[in-house]
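Chain by chain, the residues run as shown.
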Amino acid sequence: MAIKNRNVTVDGARAMTMGQFKAWMKTIDDDKDGKISKDELSDAVRGNGGWFAGWKAKRGVGSADSNGNGFVDESEIGNLVEFAQKHLGIKII
């Protein structure tokens, strides 16, 4: 599942709104359980042409998962946004 929004900012980052980011998150939730797993995030990063998808997904879920359940849920989206902006070249506007 690639990020379909191709808005690019001056610094080269892909830009999307928080609503677009949340909508994208729902598209990568393959099992529709309302949580994003490391494997789901890895597939999304890989599908978007990202390198080191498994490593980035493990780091992303690890940094966003504040309750330690191994998944990113609705309450942890802000943490994942922060990771995406720093490490995935996504800018949330």
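All figures in this text were calculated on a predicted structure; none of them were measured in a lab.

Colleague: Account for the nonpolar core, with residues named and values stated.
Modeller: By size, the foremost hydrophobic cluster in this structure holds 22 residues, and its most contacted members are F21, W24, M25, I28, L41 and L80. Breaking this core down by element, the ones donating at least two residues are α1 (18–28), α2 (38–47), α3 (53–64), α4 (77–87) and β2 (90–92). Among the elements that make up this core, the one with the highest residue count is α4 (five residues). Residues in contact with L41, not counting those within four places in the same chain, are W24, I28, I36, A57, G60, V61 and L80.

Colleague: Mind laying out the packing of aromatic side chains, listing which residues take part and the relevant values?
Modeller: This structure, assessed with the given rule, holds two aromatic pairs. Taken together, a centroid distance of 5.6 Å and an interplanar angle of 50° make the contact between F21 and W24 tilted. With a gap of three residues between them, F21 and W24 both fall in helix α1, about one helical turn apart. Across the pair, W24 and F21 agree in class, each one buried. Taking the centre distance of 6.4 Å and the plane angle of 65° together, the rings of W51 and F52 count as edge-to-face. For the pair formed by W51 and F52, the shared burial category is exposed.

The rules behind the values
- Residues numbered from 1 in each chain as written.
- Predicted model: local features only at pLDDT ≥ 70, side-chain atom pairs only at ≥ 80, totals over all residues.
- Heavy atoms only, no water.
- Core = buried A, V, L, I, M, F, W, Y, C linked by side-chain atoms within 4.5 Å.
- Buried < 20%, exposed > 50% of the residue type's maximum accessible area, 1.4 Å probe, protein only.
- Helix = DSSP H or I, 4+ residues; strand = E, 2+ residues; numbered from the N terminus.
- Contact = heavy atoms within 4.5 Å.
- Phe/Tyr/Trp six-rings, centres within 6.5 Å; stacked < 30°, edge-to-face > 60°.

Don't take any of this as a statement about function, it's just geometry.
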